[in-house]
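Fold and contact review
Spelled out, the chains give:
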Amino acid sequence: MLIATRFGDTPQLHLVKMPGGERQQLTFFADAVANGTFHPNGGDYIVFSKDIGGGRMVSVVSLRRTDRRRTLLTDGKSR
């Protein structure tokens, strides 16, 4: 399960593998992260939205779980 938890200034995504299990932080951005979901074909990737600079500009990002490689899926300029 993916959850958004705020331990610092902004919410970040965490993975929880079982009920009552410990969380594993997956994102470490200065800006807020939300709406995380697993890719439907196996869950090797997660896709989430990320705020940019607090200006309500939102990017959609893909994160490969094995090596944490990120790919920007939108232009990063749209609302």
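Residues numbered from 1 in each chain as written. Predicted model: local features only at pLDDT ≥ 70, side-chain atom pairs only at ≥ 80, totals over all residues. Heavy atoms only, no water.

Focus on the sheet that holds strand 1 (residues 2-5)
Pairing is antiparallel in the open sheet, where three strands are placed in the order 1-2-3. Every interior strand has two partners, whereas the edge strands, strand 1 and strand 3 (23-25), have only one. Taken pair by pair, the neighbouring strands of this sheet meet at an average axis angle of 40°, ignoring direction. In terms of strand pairing, strand 1 meets strand 2 (residues 12-16) through four bridges, oriented antiparallel. Within the sheet, the bridge partner assigned to leucine 2 lies in strand 2 and is leucine 15. (Pairing = 2+ DSSP bridges. Helix = DSSP H or I, 4+ residues; strand = E, 2+ residues; numbered from the N terminus. Axes fitted to C-alpha atoms, helices over the stretch in contact; angles between N-to-C directions.)

Quick word on the sheet that holds strand 4 (residues 33-38)
Pairing in this open sheet of four strands is antiparallel, and the strands run 4-5-6-7 from one edge to the other. Where the open sheet ends on each side, the last strands, each with one partner, are strand 4 and strand 7 (70-72). Along the sheet, successive strands turn relative to each other by an average axial angle of 25°, direction set aside. Both strand 6 (residues 57-64) and strand 7 contribute to a ladder of three bridges, which runs antiparallel. Opposite valine 61, over in strand 7, you have leucine 72 as the bridge partner.

Focus: the side chain of glutamine 12
Along the chain, glutamine 12 turns up in strand 2. Here the side chain of glutamine 12 touches phenylalanine 28 through a polar contact of 3.4 Å, landing on its backbone nitrogen. Side-chain polar atoms of glutamine 12 contact the backbone oxygen of phenylalanine 29, separated by 3.0 Å. If we ignore the near neighbours within four places in the chain, the residues touching glutamine 12 are Ile3, Ala4, Thr5, Gln25, Thr27, Phe28, Phe29, Asp31 and Val33. (Polar contact = N/O pair within 3.5 Å; in protein donor to acceptor, adjacent residues only side chain to side chain. Contact = heavy atoms within 4.5 Å.)

A closer look at the packing of aromatic side chains
By the definition in use, this model includes one aromatic pair. When the ring of phenylalanine 29 is compared with that of phenylalanine 48, the centres are 6.0 Å apart and the planes differ by 50°; the resulting orientation is tilted. One end of the pair, phenylalanine 29, is in the loop between strand 3 and strand 4; the other, phenylalanine 48, is in strand 5 (residues 45-52), with 19 residues separating them in the sequence. A single burial state applies to phenylalanine 29 and to phenylalanine 48, both of which are buried. Taking NZ or CZ as reference, lysine 50 lies 5.1 Å from the ring centre of phenylalanine 29, over its face. (Phe/Tyr/Trp six-rings, centres within 6.5 Å; stacked < 30°, edge-to-face > 60°. Buried < 20%, exposed > 50% of the residue type's maximum accessible area, 1.4 Å probe, protein only. Lys NZ or Arg CZ within 6 Å of the ring centre and 35° of its normal.)

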